[in-house]
Amino acid sequence: MADSPPSRSEPSSASVFALLRVFASHQRTAMLCYVALSLGGALAGSLAAVWLVPLVQPEQAGAFAAGLPRIGAGSDARIAIFLAAGLGFALMRWQAARLGARLVSACAMRLRSAVHARLMQASLKSLAETSSAEIANVLTYNVEIVVQGFSAWLQLLVASVTTAISLGFACWIAPYLMLWMPPLALLGLAVSRLSGREQSRISRRYVADMTRLFWHSEDVPRRLRHIRSFGRERVEQASYEAISRQLGHGYRRQLELVASGRLALETMAAVGAVAVFALARRWHALDASSLIAVSLLLGRLLPYLASSRQQFQQLRSAVPAFALWQRYMQLACEPAPADIAPVTQRDGLLSIGPLHLTPPPGGLDVDSLVLRPGELTVICGDSGIGKSSLVDVLAGMKAPERFAARLGERALSFAQYRALVRDGAYVSQQVRPWQASLRECLAWAAPAADEAQVRAALADVGLDQCLAGSSGAAGMSLEHAVSQLSGGELQRLLLAQVILKQPFLAVLDEATGALDAASEVTVLRALKRRLPHSIVLVVSHRPGVMAIADQLLTIAPGDADGPARASVAAGKMRPAQEHIGRPLRVGESG
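Residues numbered from 1 in each chain as written. Predicted model: local features only at pLDDT ≥ 70, side-chain atom pairs only at ≥ 80, totals over all residues. Heavy atoms only, no water.

Attention now moves to the overall build of the protein chain. Check the secondary structure of the protein chain and you find 21 helices and 14 strands. Scored against the burial criterion, the 590 residues of the protein chain give a buried share of 45%. Residue pairs at least 24 apart in sequence account for 80% of intrachain contacts in the protein chain once pairs closer than 6 positions are excluded. Carbon and sulfur atoms form 59% of the exposed surface of the protein chain, whose accessible area is close to 29,000 Å². (Helix = DSSP H or I, 4+ residues; strand = E, 2+ residues; numbered from the N terminus. Buried < 20%, exposed > 50% of the residue type's maximum accessible area, 1.4 Å probe, protein only. Contact = heavy atoms within 4.5 Å. Areas by Shrake-Rupley, 256 points an atom, 1.4 Å probe, with all protein chains shown as cover.)

Now for the sheet that holds strand β9 (residues 424–428). The 8 strands lie next to each other as β3-β4-β13-β12-β6-β11-β10-β9, forming an open sheet whose pairing is mixed. Every other strand in the sheet has two partners, leaving β3 (355–357) and β9 as the edge strands with one partner each. The mean inter-strand angle of the sheet, taken between neighbouring strand axes irrespective of direction, is 15°. The pairing of β3 with strand β4 (residues 364–366) spans 3 bridges and is classified as antiparallel. Looking across to β4, one finds that L355 is bridged to V366. Helix-sheet contacts for helix α14 (residues 387–394) involve β3, β4, β6 (376–381), β9, β10 (505–509), β11 (535–539) and β12 (551–556), and the interaxial angle to β6 is about 145°. (Pairing = 2+ DSSP bridges. Axes fitted to C-alpha atoms, helices over the stretch in contact; angles between N-to-C directions.)

We now examine the packing of aromatic side chains. Counted under the stated rule, the structure contains 6 aromatic pairs. Ring centres 6.5 Å apart and planes at 45° place the aromatic pair Y141 and Y206 in the tilted group. Taken together, the residues span a long stretch of sequence, with Y141 in helix α7 (residues 141–173) and Y206 in helix α9 (residues 196–217) at a distance of 65 residues. In this structure an aromatic cluster arises from ring pairing among F403, F414 and Y417. (Phe/Tyr/Trp six-rings, centres within 6.5 Å; stacked < 30°, edge-to-face > 60°.)

On inspection of all chains with the given rule, the structure shows 16 salt bridges. Here R327 and E134 are joined by a salt bridge, their closest N and O atoms 2.9 Å apart. A residue pair is termed long-range when its members are at least 10 positions apart, and R327 in helix α13 (residues 302–329) and E134 in helix α6 (residues 132–139) qualify at 193 residues. Given the relative accessible area of 22%, R327 is considered partly exposed. Judged by relative accessible area, E134 falls into the buried class, the value being 5%. (Salt bridge = Lys/Arg side-chain N within 4 Å of Asp/Glu carboxyl O.)

On to the side chain of D392, then. Tracing the sequence through the fold places D392 in helix α14. The buried charged residue D392 lacks any salt bridge, with K398 as its nearest oppositely charged partner at 5.8 Å. What D392 contacts, discounting residues up to four positions off in sequence, is L124, M397, K398 and Y426. (Lys, Arg positive; Asp, Glu negative; His and termini not counted.)

A residue-level look at the protein chain finds 76% of positions with pLDDT of 70 or above and a mean pLDDT of 78. Looking across the protein chain, the model is least confident in strand β14 (residues 584–585), with a mean pLDDT of 30, and most confident in β11, with 94. A low-confidence stretch, residues 1–12 (pLDDT under 50), is modelled with 27 contacts involving residues beyond four sequence positions or located in other chains. Predicted confidence is poor over residues 342–346, with pLDDT under 50, and the contacts of this stretch with residues over four places away or in other chains come to 12 contacts. (pLDDT = per-residue confidence, 0-100.)

What follows is about the packing of α6 against α7. Where α6 contacts α7, the axes come no closer than 3 Å and their chain directions differ by 35°. Residues N137, V138 and L139 of α6 touch α7, and the partners they reach there are Y141, N142 and V143. Of the residues in the contact of α6 with α7, the class split is 4 nonpolar, 2 polar and no charged. (Nonpolar A, V, L, I, M, F, W, Y, C, P; charged D, E, K, R; others polar.)

Looking now at a nonpolar patch on the surface. The grouping of V431, W434 and W444 at the surface amounts to a nonpolar patch, some 370 Å² of accessible area in total. In this structure, W434 sits in the loop between β9 and α16 (438–445). (Patch = residues over 30% accessible without salt bridge, like charges linked within 9 Å, V, L, I, M, F, W, Y side chains within 5 Å.)

Attention shifts here to the side chain of R492. Tracing the backbone shows R492 in helix α19 (residues 487–501). Among buried Asp, Glu, Lys and Arg side chains, R492 stands out as unpaired, with D516 the closest opposite charge at 5.1 Å. Ignoring sequence-local partners within four residues, the contact set of R492 consists of V461, G462, L463, L515, S519 and V523.

Before going further, it helps to spend a moment on the sheet that holds strand β8 (residues 410–412). The pairing of strands in a sheet comes from backbone hydrogen bonds and takes either a parallel or an antiparallel form. With respect to topology, 4 strands assemble into an open sheet ordered β5-β2-β7-β8, the strand pairing being antiparallel. At either end of the open sheet lies a strand with only one pairing partner, and these are β5 (369–371) and β8. When strand polarity is set aside, the average angle formed by the axes of neighbouring strands in this sheet is 25°. Here strand β2 (residues 350–352) pairs with strand β7 (residues 405–407) via 3 bridges, running antiparallel. Residue L350 lies in a different strand from β7, and its bridge partner there is L407.

Take unusual backbone geometry next. Put simply, T358 and P359 share a cis peptide bond, and its omega is -5°. Along the chain, P359 turns up in the loop between β3 and β4. Omega for the peptide link from P359 to P360 comes to 15°, which places this bond in the cis form. With a phi close to 50°, Q502 is a non-glycine residue in the positive phi region.

Core analysis: the biggest nonpolar cluster contains 41 residues, and Y34, L103, F150, L154 and Y328 have the highest contact counts within it. For this core, the elements supplying multiple residues, two or more each, are α3 (28–56), α5 (75–121), α6, α7, α9, α11 (233–283) and α13. Ranked by residue count, the leading element in this core is α7, at 11 residues. Leave out the neighbours within four places in its chain, and L103 touches Q27, A30, M31, Y34, F150 and L154. Counting 35 residues, the second-largest nonpolar core is a separate cluster that includes V378, A425, L458 and L493. (Core = buried A, V, L, I, M, F, W, Y, C linked by side-chain atoms within 4.5 Å.)

The next subject is the pairing of β6. Among the 6 residues that make up β6, 6 are buried, leaving the element largely enclosed by the rest of the structure. Burial along β6 is two-sided: L376, V378 and C380 and T377, I379 and G381, pointing in opposite directions, are all buried. Pairing of β6 with β12, which is carried by 5 bridges, proceeds in the parallel orientation. Directly across from C380, in β12, lies its bridge partner T554.

Now for the packing of helix α17 (residues 451–460) against helix α20 (residues 517–530). α20 packs onto α17 with a crossing angle of 140° between their chain directions and a minimal axis gap of 9 Å. Relative to α20, α17 is oriented oblique. In this structure, α17 uses A456, A457 and D460 to contact α20, whose residues at the interface are A526, R529 and R530. (Parallel < 35°, antiparallel > 145°, perpendicular 65-115°, else oblique.)

Here it is as structure tokens:
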């Protein structure tokens, strides 16, 4: 699987700043508190290191002690100051760690909820070039990579504040050290950029390979039958191992780069410390107490040097993951439904047409389609001719190029039509229940349904016998049973949702294809009987379904490169001249 588009670009400083803006945008007060605690901890830690010198060597403090705040000359006062600074350092670091944990948690929740909300609002067209594996990755592991980057950034913030304060105290004790700051800073920058390009490439590849791993891991119980029937177990194992090997190589190389960078930083720190001490002894610029104080201050930075390289790499690794997250946050959204007066009864039939939509490539024209409550309309035609695109339009999920509709005598724009049919139910052949239990699955569709209604709906779709041997069938776990229930049983469960929902418009896009012909007809008859006030649209190729239809909408190819055309004929259950004048009711229960 190729890299996703945002992962191809080289992570830039602009990407990093965009990532940091998202981190801090909704947590500004908490971020300011975190910076203040980090600053206070760094000050307290540096003071503790400085006050330790006259405490340990009071007889050699000399000029160094003269530069300290003269709160008291006695050893008890110095002990109290050192203890207060040490405890202040520990408490502020503890509070900063707790606040950092809350910030990381809030960041994870915001990233996930924001991208999931965007997906719920995304237009079908904007999702045309995505895959379920990539979406699963964005919602799960990809966010983890970004959150790890945020955590690394918080730790780098502490390290930078501590470094600045410690170096400030060191330069106050030994002012000539300021002359060494520019070359040391340049050397540190050069070391931090070692292998940066390789790290960026590995990070991009890691995000893409993780999506490939999700792709291979989807729907394993059902895919396993297909694999075994073709005798391709070894091929699948080899393919999965290849992806795992690629991920393992990337992970190993990332850790090697971190270790190499840490070695360079620690070597630079050791050489720099030796150079400073050698220079101080040669010039006799520092007395013993000042030299000890500088050593303690610079020694405080070693733990940060050991971890900062790894944190910096984690931050860089988060950039391609954040770019993928951003791409999904930029998905085009469906327009908000138009407001329609909340009336409970509307007279007249729902007439649609003329209507033109694409795809299919040449387009599809529907001149006139009348939808009646309580009737079943079957849509049929060759594969790829535009059936699913048509039901997307009829379900209000996709805007056509040309559209006209009337409810009785009232003309409707597509926005008004979309709001009208929003109280619906759309079931396709590829949807599987994702709720935790059977009860939760049915309550998701109809929260107000009681136990009797649930059992009646299960009986209507023929699941009462399947679950008769299960104690507490409505509480049956779907997380494990979803791979054990047959495709037909899962489709029956989704049709039970439709019955409980009592929708204004029910769209079944080959949602009964996993049932045998006789069971399909039985279930659809039950569905039609239980939805007397619903418009029911069924996409199907089977003669048995067409035989129970009230009307057939057949899509046929157009002439030459012309658009496909839909024609309507009365089904066997309704004479061609039959007219149902019953008013259309919205929100009426069966």
